[in-house]
Amino acid sequence: RPGPVDPEREVRAERFTCPKCGGRMTFAPDGRTLTCEFCARSQRLSGQPSGEEQDFIVAMATGKGHRAPVAVQIFHCGGCGADFILPPTQKSSMCAYCGSAHVIRGDERQMLEPDAVIPFRLARREAIRRLVAWVQQNKIQPQQKVQPPRGIYLSAWTFDLAGSVPWHGKIYRNKRWVSLADEETVFYNDIALPAGNTEPGLMERLLRGCDFSQAAAYDARYLAGWAAELFDVSLSAASLAARQIAVERIRQNILSKHSGLRDFGYGTSGLSVLSFKLILIPVWRTEYRLQESQFSVYINGFSGEVLGETPARGALGWLENWLG
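Residues numbered from 1 in each chain as written. Predicted model: local features only at pLDDT ≥ 70, side-chain atom pairs only at ≥ 80, totals over all residues. Heavy atoms only, no water.

## What to know about the overall build of the protein chain
If you tally the helices and strands in the protein chain, you get 4 helices and 17 strands. For the protein chain, restricting intrachain contacts to residue pairs at least 6 apart in sequence, the fraction spanning at least 24 positions comes to 69%. Element-wise, carbon and sulfur atoms account for 49% of the exposed surface of the protein chain, whose accessible area totals about 16,600 Å². (Helix = DSSP H or I, 4+ residues; strand = E, 2+ residues; numbered from the N terminus. Contact = heavy atoms within 4.5 Å. Areas by Shrake-Rupley, 256 points an atom, 1.4 Å probe, with all protein chains shown as cover.)

## Considering the environment of E126
Locating E126 in the fold gives a position in helix α2 (residues 124-137). Counting along the chain gives 175 residues from E126 to G301, while the straight-line C-alpha distance between them is 9.8 Å. Within the local environment of E126, its side chain forms a polar contact with the side chain of R129, the two groups lying 2.8 Å apart. (Polar contact = N/O pair within 3.5 Å; in protein donor to acceptor, adjacent residues only side chain to side chain.)

## Overview of the pairing of strand β10 (residues 176-194)
As defined by bridge partners, strand β9 (residues 150-173) adjoins β10 across 17 bridges and the pair is classed as antiparallel. Bridge assignment links H168 to a residue of β10, and that residue is A181. Between the end of β9 and the start of β10, which pair antiparallel, lie 2 residues, with N174 showing a positive phi angle near 50 degrees. (Pairing = 2+ DSSP bridges.)

## Description of unusual backbone geometry
A positive phi is found at N174, a non-glycine position, where the angle reads about 50 degrees. Position of N174 relative to the elements: it lies in the loop between β9 and β10. Look at N174 and you get exposed, because its relative accessible area is 75%. (Buried < 20%, exposed > 50% of the residue type's maximum accessible area, 1.4 Å probe, protein only.)

## Observations concerning the confidence of the model for the protein chain
A residue-level look at the protein chain finds 68% of positions with pLDDT of 70 or above and a mean pLDDT of 78. Note that pLDDT drops below 50 for residues 1-15; the model gives that stretch 28 contacts with residues more than four away or on any other chain. Overall, residues 314-318 carries pLDDT values under 50, and its contacts beyond four positions in sequence, including any with other chains, amount to 14 contacts. (pLDDT = per-residue confidence, 0-100.)

## Quick notes on the packing of aromatic side chains
Geometrically, a pair of aromatic rings is defined through the distance of the ring centres and the angle of the planes. Tallying each qualifying case throughout the model produces 10 aromatic pairs. Judged by centre distance (6.0 Å) and plane angle (85 degrees), the ring pair of W157 and F231 falls under edge-to-face. Taken together, the residues span a long stretch of sequence, with W157 in strand β9 and F231 in the loop between β12 (227-229) and α4 (235-257) at a distance of 74 residues. Accessibility classification places W157 together with F231 in one group, the buried group. An aromatic cluster is present here, built from W157, F159, F231 and F276 joined pairwise through their rings. Positioned over the ring face of F302 is R121, at 4.0 Å from the centre of the ring. (Phe/Tyr/Trp six-rings, centres within 6.5 Å; stacked < 30°, edge-to-face > 60°. Lys NZ or Arg CZ within 6 Å of the ring centre and 35° of its normal.)

## A look at the nonpolar core
Core analysis: the largest hydrophobic core is formed by 27 residues, its most contacted members being W134, Y153, W284, Y288 and I299. Looking at this core, the elements that each hand over two or more residues are α2, β14 (271-290) and β15 (293-300). (Core = buried A, V, L, I, M, F, W, Y, C linked by side-chain atoms within 4.5 Å.)

## Details of the pattern of salt bridges
A full pass over the atoms with the stated rule returns 8 salt bridges. In this structure, R150 engages E287 in a salt bridge whose closest nitrogen and oxygen atoms are separated by 3.0 Å. On the criterion of sequence distance, the pair formed by R150 in strand β9 and E287 in strand β14 is long-range, its members being 137 residues apart. Judged by its relative accessible area of 7%, R150 is buried. Looking at E287, the relative accessible area reads 10%, which means it is buried. Across the salt bridge formed by E248 and R251, the nearest N and O atoms sit 3.0 Å from each other. With E248 and R251 both in helix α4, this residue pair falls 3 residues apart, about one helical turn. Judged by relative accessible area, E248 falls into the partly exposed class, the value being 34%. Each of E126, R129 and R130 takes part in one network of salt bridges that share partners. (Salt bridge = Lys/Arg side-chain N within 4 Å of Asp/Glu carboxyl O.)

## Describing helix α3 (residues 200-208)
Regarding α3, the residues found buried are G201, L202, M203, L206 and L207. Where α3 begins, the side chain of E199 points an oxygen toward the backbone nitrogen of G201, at a separation of 2.9 Å.

## Examining the environment of L161
Along the chain, L161 falls in strand β9. When the C-alpha atoms of L161 and A246 are compared, they prove to be 7.7 Å apart, with 85 residues separating the residues in sequence.

## Here we look at α4
For α4, with 23 residues, the first-to-last C-alpha span of 33 Å sits near the 33 Å given by 1.5 Å per residue. When α4 is considered as a whole, its buried residues turn out to be L235, A238, S239, A242, A246, V247, I250 and I254. (Expected span 1.5 Å × (residues − 1).)

## A closer look at the environment of P149
Residue placement: P149 occurs in the loop between α2 and β9. Residues P149 and R124 lie 25 residues apart in sequence; the distance between their C-alpha atoms is 7.0 Å. The contact partners of P149, leaving out residues within four places of it in the chain, are R124, A127, I128, L131, W284, R285, T286 and I299.

This is the structure:
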């Protein structure tokens, strides 16, 4: 986590106002423009490519790598207890998690800025269309009116890992056990893990629907009109989890190529985390009531994939649908 910062440092307050009428500008789901809420004037973003990945060794050695912490505005929802990030000048908001309009207790916190963001490319109207199709396809009849989806950016870590993993074992050939030994050379790009409080199984499915090559370098303007999930999984904890994922992939790969291998062993000291990114992914979220219970529905703001809780699946079961 970031080290100590200057307590007198001011919040960086960027106001995105329309140069024509002075109205508030929000980021449009086309992934390219800011649009005025009043006169509809558009302002195109530069479209910078994905932010450079941070050197992992340097980041762990310095505590914050190449970046200095910046002041962000944290809002706490009195309805569901969620914490999320808002632009510094925004003083009220409907909660992106529960839809409550009573968002209270704003404070400031020093955090590292994200490296990259995958912009929304699914507009609210299209998100609603896919939500309706999902409800109809699954023959769900909500007990109350379903609220329109609310947009939020969820946070994730991505890691690149590489190295060599020596292994050994025995395999049965020609009526006897034969010793085997080899070395697996690997490179894994963008192993992704949750950086916030989103349920891991759900986040894993949402991350599968994102194309990280389409991420843009982080720009505060991408959050104009949108909330972002507060990330609280440390870089060190996330890197250990990414390494475990890589090791399990290597183990499964070796065993799949050598069926019947026994006395299997391997060494992972040669496997290293090379680089990382803190990235924001776009999601539309809403909920519906059925059988006196509330169920959540998430729509990937990049791919359009719908993930929804259903009574048949249970509270932690997610039903996936691809709606073209």
